[in-house]
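Next come the chains, spelled out residue by residue.
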Amino acid sequence: MTQGSAPGGKTFQVVNPPNLLKKKVGNGGFDPNAIKRMDGAIRELKGEFEEQAKAATAELSAATLALLRAPNDQMQRQTVYMIAHELRGQGGSYGYPLITRFGDQLCRYLDAAELLDAKALVVVKAAADAIAVVIANRVSGDGGETGRQLVGMLDQVVAQVKGEG
Amino acid sequence: MAYQFGKIRVMVVEDNPHMRKLLKALLAAIGVGEIVEATDGGVAWMLMKQNPVDFALIDWEMYPVNGLTLVRKIRTEPDSPNHFLPIIMVTGYTERERVMRARDVGVTEFLAKPVSAQTLAQRIEELIERPRPYVRTREYFGPCRRRKKGGIYIGPERRAELGA
């Protein structure tokens, strides 16, 4: 353990604990096949993710409609946020970066919006719909022309709402 | 010879069942000997006190005890099973303010979801090959937050502001 002092005379300690993890796993880095095995594990779970994402999209659509009916319902708002948050956290792992992109846009929009007025809800609905399209049609990767249209549509809605704000 | 993970025990703390399954599958694919799973920070704390682990993957948003609270307990509670436990926070929150908060409670590495084989392997390799020294000031105990030049730490020189 070493001690030091920072400008102003305040002290700190630095500790270098033994590297027990390295002692156990040894040297040599990752086996080149390990990454391939990990990729294989992800592929095996892809179908399960798609089923789960489909169910999550249905929940997202229902929660979004409920939010449209009651924009000040904080519970519904949190439900929409958490479903989108989980989807953005997983889509990209399985080759669906657009799920992650639209989920992220939805979460960030909700993070920034204090009150959900009618205009703001248009964005929420558009993002939820875009996610639903990606999942229903298994739009993987950048999605080609469909992907470009979805990205353009959502960006346009966000820009319009901001412009009117 | 490459890393041998067969003798280590790793904890996955994640409330989403599918995400937990994915992380476990990734660890199993590299040959981790034992994977302990927990659905929130409270369960994780209890389990790691019973059977200490070699490193942990911890989600942020969990109920009733979230990942930040768990990390804070691991670093500061007197009865912590390992104050120096290597911790990878695996989270969908990537905003700078969130990353700073995770770092300020003592997270070792930060892994943004969605995870990939490559990014998880990189973070594990960081834990093994480039362990951080630990710093204790009056208000912080955890891995040094200034290891990476040009890394995530962008802010005032708080080590100068804290301390005894």
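Conventions and cut-offs
Residues numbered from 1 in each chain as written. Chains lettered and ligands numbered in written order. Predicted model: local features only at pLDDT ≥ 70, side-chain atom pairs only at ≥ 80, totals over all residues. Heavy atoms only, no water. Salt bridge = Lys/Arg side-chain N within 4 Å of Asp/Glu carboxyl O. Helix = DSSP H or I, 4+ residues; strand = E, 2+ residues; numbered from the N terminus. Buried < 20%, exposed > 50% of the residue type's maximum accessible area, 1.4 Å probe, protein only. Pairing = 2+ DSSP bridges. Axes fitted to C-alpha atoms, helices over the stretch in contact; angles between N-to-C directions. Contact = heavy atoms within 4.5 Å. Core = buried A, V, L, I, M, F, W, Y, C linked by side-chain atoms within 4.5 Å. Phe/Tyr/Trp six-rings, centres within 6.5 Å; stacked < 30°, edge-to-face > 60°. Expected span 1.5 Å × (residues − 1). pLDDT = per-residue confidence, 0-100. Buried area = accessible area lost by both parts, 1.4 Å probe. Nonpolar A, V, L, I, M, F, W, Y, C, P; charged D, E, K, R; others polar.

Caption draft 1: How the structure looks around the pattern of salt bridges. All names here are of chain A. One pass over the full model with this rule turns up 22 salt bridges over all chains. The salt bridge partner of Arg138 is Glu50, with a shortest N-O separation of 3.3 Å. Of this pair, Arg138 sits in the loop between α5 (118-136) and α6 (144-164) while Glu50 sits in helix α2 (residues 32-69), and the two are 88 residues apart along the sequence. Taking the relative accessible area as the measure of exposure, Arg138 reaches 47% and is therefore partly exposed.

Caption draft 2: Focus on the sheet that holds strand β3 (residues 55-58) of chain B. Residue and element names in this part refer to chain B. Spatial strand order, β2-β1-β3-β4-β5: five strands in an open sheet with parallel pairing. The open sheet terminates on both sides in strands that have one partner only, identified here as β2 (34-38) and β5 (109-112). Mean inter-strand twist for the sheet, computed between neighbouring axes without regard to direction, equals 20 degrees. When strand β1 (residues 9-13) meets β3, the two strands line up parallel, connected through four bridges. The residue bridging Val12 from the neighbouring strand is Leu57, located in β3. Running over the sheet, helix α3 (residues 67-76) touches β1, β3 and β4 (87-91) and is turned about 175 degrees from β4.

Caption draft 3: Molecular detail of the nonpolar core. With 100 residues, the main nonpolar core has B:Phe5, B:Ile58 and B:Ile124 as its most contacted residues. The biggest single contributor to this core is α2(A), with twelve residues. Filtering out sequence-adjacent residues up to four positions away, B:Ile124 remains in contact with A:Phe30, B:Phe5, B:Leu27, B:Ile30, B:Phe55 and B:Ile88.

Caption draft 4: Spotlight on the packing of aromatic side chains. Taken as a whole, this structure holds nine aromatic pairs over all chains when the rule is applied. Here the aromatic rings of A:Phe49 and A:Tyr96 are separated by 6.3 Å at their centres, their planes lie at 35 degrees, and the arrangement is tilted. Placement of the pair is A:Phe49 in helix α2 and A:Tyr96 in the loop between α3 (74-90) and α4 (97-112), with a sequence separation of 47 residues. A single burial state applies to A:Phe49 and to A:Tyr96, both of which are buried. Seen in terms of ring centroids, B:Phe84 and B:Tyr134 are 4.9 Å apart; in terms of plane orientation they differ by 85 degrees. Their pairing is edge-to-face.

Caption draft 5: Layout of α5(A). Residue and element names in this part refer to chain A. Between its first and last C-alpha, α5 extends 27 Å over 19 residues, near the 27 Å set by a 1.5 Å rise per residue. Listed in full, the buried residues belonging to α5 are Ala120, Leu121, Val123, Val124, Ala126, Ala127, Ala128, Ala130, Ile131, Val134 and Ile135. Of the residues trailing α5, Arg138 is marked for its positive phi of about 45 degrees.

Caption draft 6: Up close: the confidence of the model for chain B. Residue and element names in this part refer to chain B. Overall, the prediction assigns chain B a mean pLDDT of 90, with 89% of residues at 70 or greater. Counting contacts from residues 149-157, a segment whose pLDDT is below 50, to residues more than four positions away or on other chains yields eleven contacts. Interface confidence for the predicted complex, expressed as ipTM, amounts to 0.90; the pTM equals 0.90.

Caption draft 7: Quick peek at the interface of chain B and chain A. Each side of the interface is counted separately: chain B has 50 residues, and chain A has 45 residues. Across the chain B to chain A interface the summed buried area is about 4200 Å²; carbon plus sulfur atoms make up 61%. Counting the surface chain B buries against chain A, the share from its top three residues, B:Tyr3, B:His18 and B:Pro114, is 14%. For B:Glu129, the salt bridge identified is with A:Lys22, shortest N-O distance 2.9 Å. Counting residues per element, the ones that place at least two in the side of chain B that touches chain A are α1 (17-29), α5 (117-129), β6 (134-136) and α6 (158-161) of chain B. The leading source of residues in the side of chain B that touches chain A is α5(B), at nine residues. Considered class by class, the residues forming the side of chain B that touches chain A number 29 nonpolar, nine polar and twelve charged.

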